[in-house]
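# Chains, contacts and geometry: an overview
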Amino acid sequence: MKLWMKKDLKSFWISNTICKHCIPPRTLLESLEELAEEELEVILIENLEALYLVAKDFKSFYLKLTKLRDLSIQKKHYLVLSVNKDILENGEWDILTSEFKYIP
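Figured I'd write up the structure that's included with this text. (Residues numbered from 1 in each chain as written. Predicted model: local features only at pLDDT ≥ 70, side-chain atom pairs only at ≥ 80, totals over all residues. Heavy atoms only, no water.)

## Overview of the overall build of the chain
Under the convention used in this document: Helix and strand definitions here come from DSSP, where helices need a minimum of 4 consecutive H or I residues and strands a minimum of 2 consecutive E residues; each element is numbered from the N-terminal end. The cut-offs for exposure are 20% and 50% of the maximum accessible area for each residue type, with area from a 1.4 Å probe on protein chains only; residues under the lower value are buried, those over the upper are exposed, and the others partly exposed. Here a residue-residue contact requires only that any non-hydrogen atoms of the pair lie within 4.5 Å. Here the open area of atoms and residues is found with the Shrake-Rupley method and a 1.4 Å probe, where only the protein chains shown may cover a residue. Positive charges come from Lys and Arg, negative ones from Asp and Glu, while His and the chain ends are left out of the count. Charged groups are reduced to one reference atom each: NZ for lysine, CZ for arginine, CG for aspartic acid, CD for glutamic acid.
Along the chain, the regular secondary structure elements total five helices and four strands. From first element to last, N terminus to C terminus, the chain shows the α and β order β-β-α-α-β-α-α-β-α. The buried share of the chain, taken over its 104 residues, is 34%. In the chain, the proportion of contacts linking residues at least 24 apart, taken out of those at least 6 apart, comes to 63%. Carbon and sulfur atoms form 54% of the exposed surface of the chain, whose accessible area is close to 8,200 Å². When the 15 positive and 17 negative side-chain charges of the chain are each reduced to one mean point, those points stand 6 Å apart.

## As for the state of the cysteines
When the sulfur atoms of two cysteines share a covalent bond, that bond is a disulfide. Note the following rule: In this description, the term disulfide denotes a pair of cysteine sulfurs within 2.5 Å.
According to the stated counting rule, one finds one disulfide in the structure shown. Note on cysteine connectivity: C19 is disulfide-linked to C22, with sulfurs 1.8 Å apart. Here the disulfide of C19 and C22 is right-handed, its torsion about the S-S bond being about 85°. The class for C19 is partly exposed, based on a relative accessible area of 37%.

## Notes on the environment of S11
Mapped onto the elements of the fold, S11 is located in the segment before β1 (13-14). Sequence spacing of S11 and I45 is 34 residues, and the spatial spacing of their C-alpha atoms is 10.0 Å.

Here is the structure:
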């Protein structure tokens, strides 16, 4: 029999609102590598488009995500990203899904 244990999870909201568990999108985008260094089992970023909108351009956004992916693989984290593909420009969705497994 498998027993499920309750674990305390670190979580925060991507928001410019000042609150205890909020982090501005730009701050999170700039600290993605540090996030991957923490002892976590799962990194879930919902509303990835908030990070996309504050990135300088798609290339820098993409490079930060792939660096996060690589670090997550090294640390044996699960990385789950949720994004509205309609916010991306032509071809950007194809680039992302070539590097990240798409689950509809």
